[in-house]
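# What the coordinates show
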Number of protein chains: 2
Amino acid sequence: MQIAILLFDRFTALDAVGPYETLGRAPDAELVFVAEEAGPVRTDQGNLAITADRTLAEVPSPDIVIVPGGPGQSAQMENEALLSWLRTADTTSTWTTSVCTGSLLLAAAGLLEGRRATSHWLALDELPRFGAKPTGDRVVFDAKYVTAAGVSSGIDMGLTLLGRIAGDDQARAIQLATEYDPQPPYDAGSPEKAPAHLVAWFRENSRFVLR
Amino acid sequence: MQIAILLFDRFTALDAVGPYETLGRAPDAELVFVAEEAGPVRTDQGNLAITADRTLAEVPSPDIVIVPGGPGQSAQMENEALLSWLRTADTTSTWTTSVCTGSLLLAAAGLLEGRRATSHWLALDELPRFGAKPTGDRVVFDAKYVTAAGVSSGIDMGLTLLGRIAGDDQARAIQLATEYDPQPPYDAGSPEKAPAHLVAWFRENSRFVLR
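Predicted model only: the values in this text are computed from it and were never measured.

So, on to the overall build of chain A. Each helix and strand in chain A was counted, giving eight helices and eleven strands. Computed over C-alpha atoms, the radius of gyration of chain A comes to 16 Å, within 12% of the 17 Å expected from 2.2 N^0.38 for 211 residues, which places it in the range of a compact globule. Each of the 211 residues in chain A was classed as buried or not, and the buried ones make up 58%. In chain A, of all internal contacts separated by at least 6 residues, the share reaching a separation of at least 24 is 64%.

Structural data, given as structure tokens:
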């Protein structure tokens with residue numbers, strides 16, 4: 001089972017590493033980081049680089065496609081090479097997935113038309129432009145399309161999809177191995193729960209956060 | 001505020017990326033990945049490489065030291081160059097921290113003697129060998145030493161420490177930006193919660209998991 005995680009300049013690291021550390025531990029997973037060019041790809045913060053071990057051309061038909069988000073997503077929305085790879089890979093994939101604003105790339109490739117999907121809470125309003133139907137759920141399944149909310153939600157998506165593919169016991173084993181028993185020190189992880197002034201600040205500055 | 005995240009062969013990616021994505025977003029953070037040699041460092045699964053941008057020698061006195069764990073930790077337990085860097089960096093650090101079996105490296109460097117600390121649940125029993133006092137808590141503070149439990153707990157540690165350093169509002173803002181509103185599909189993230197047969201399997205195969 002080949003899993004390709006797409007990298008691009010200024011992606012968000014945890015968007016990619018969440019599914020990598022969960023779904024990527026499936027017993028028969030052959031996980032590969034891909035990008036237009038092989039080599040190190042820098043995150044949004046600039047101080048972390050993950051190596052793309054293969055080019056897009058070298059991985060044309062993965063079983064599972066995972067598209068992270070991050071401020072760099074907006075520059076890729078008209079990158080025909082990347083969108084074309086997504087469309088082609090999707091024709092043979094078993095699952096086509098995204099985390100955070102990665103769903104906007106799937107949407108721009110035309111893959112979410114008429115489908116329920118999610119994204120980073122600040123980006124949900126952009127989904128309808130591409131014919132997708134936004135939901136506030138953290139992990140959204142619609143046929144073979146699986147989209148997750150912002151950044152850390154890729155861990156929940158990875159475990160959920162692992163359970164579907166390899167069974168509940170395998171997913172629980174990986175949850176135990178990664179000691180995923182979250183105990184956030186605050187309860188501010190969604191716009192419904194966070195203090196209103198922080199939600200307002202991000203809404204006013206969403207361009208700064210997402211682009 | 002300089003934050004150094006230590007990399008070594010066969011570290012676990014999420015151990016490092018959890019604190020990176022939370023504490024690393026502190027307003028005045030200058031975060032750098034360090035290793036004995038600069039260049040790509042491979043994780044335990046082998047299919048992910050994060051670039052170490054600086055050598056240990058180039059970053060002698062970070063304000064915050066973060067040591068991830070992973071199966072590769074055991075090979076570093078007698079690596080005097082690495083342990084010596086930890087000891088020296090600790091003499092000037094404001095916070096010395098670890099995730100997962102990274103605490104065993106702090107312990108091997110002699111930094112946790114007499115201190116309360118935690119580690120991956122499968123490695124807790126090894127802490128007393130170095131004079132540390134294991135606890136089952138997810139994030140443990142003892143003076144300037146902060147240790148976190150397995151893999152995903154680095155996210156909770158990062159947010160907790162961010163709150164101490166930059167204030168609750170800043171930590172809540174980062175929790176909201178990373179949409180850290182965890183909704184695991186199972187409740188199996190600790191040995192107390194997971195099915196007994198899975199806990200037993202890992203205890204029997206802990207060498208395979210941790211080394």
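Having seen the model, we can carry on.
Along the chain, Glu21 of chain B turns up in helix H1 (residues 13-22). With 30 C-beta atoms counted inside 10 Å, the residue Glu21 of chain B sits in the buried group. The sequence separation of Glu21 of chain B and Gln175 of chain B amounts to 154 residues, and the corresponding C-alpha distance is 9.8 Å. Look past the residues within four positions of Glu21 of chain B in its chain and what remains in contact with it is Ala13, Leu14 and Val151 of chain A together with Thr178 of chain B.

Below, the discussion takes up the sheet that holds strand E10 (residues 139-142) of chain A. Residues and elements named next belong to chain A. Strand order in the open sheet formed by seven strands is E5-E2-E1-E6-E7-E11-E10, and the pairing between neighbours is mixed. Two strands in the sheet have a free side with no partner beyond their single neighbour: strand E5 (54-55) and E10. Across five bridges, the pairing between strand E1 (residues 2-6) and strand E2 (residues 30-35) is parallel. Of the residues in E2, the one forming a bridge with Ile5 is Phe33.

Moving on to unusual backbone geometry. Keep in mind that most residues, glycine aside, have a negative phi and that most peptide bonds are trans. Positive phi outside glycine occurs at Val151 of chain A, with the angle close to 35°. Following the sequence through the fold, Val151 of chain A ends up in the loop between strand E11 (145-148) and helix H5 (153-166).

Before going further, it helps to examine the confidence of the model for chain A. Averaged over all residues, the pLDDT of chain A is 97; the fraction at 70 or higher stands at 98%. Scored by ipTM, the complex comes to 0.97, with pTM at 0.97.

Put simply, an interface is often sized by how much accessible area is lost when its parts join up. At the interface, 54 residues of chain A touch 54 residues of chain B. Within the side of chain A that touches chain B, the residues separate by chemical class into 31 nonpolar, 15 polar and eight charged.

Reading the values: the criteria
- Residues numbered from 1 in each chain as written.
- Chains lettered and ligands numbered in written order.
- Predicted model: local features only at pLDDT ≥ 70, side-chain atom pairs only at ≥ 80, totals over all residues.
- Helix = DSSP H or I, 4+ residues; strand = E, 2+ residues; numbered from the N terminus.
- Rg over C-alpha atoms; globule rule 2.2 N^0.38 Å.
- Buried ≥ 20, exposed ≤ 12 C-beta atoms within 10 Å, placed from the backbone.
- Contact = placed C-beta atoms within 7 Å.
- Pairing = 2+ DSSP bridges.
- pLDDT = per-residue confidence, 0-100.
- Nonpolar A, V, L, I, M, F, W, Y, C, P; charged D, E, K, R; others polar.

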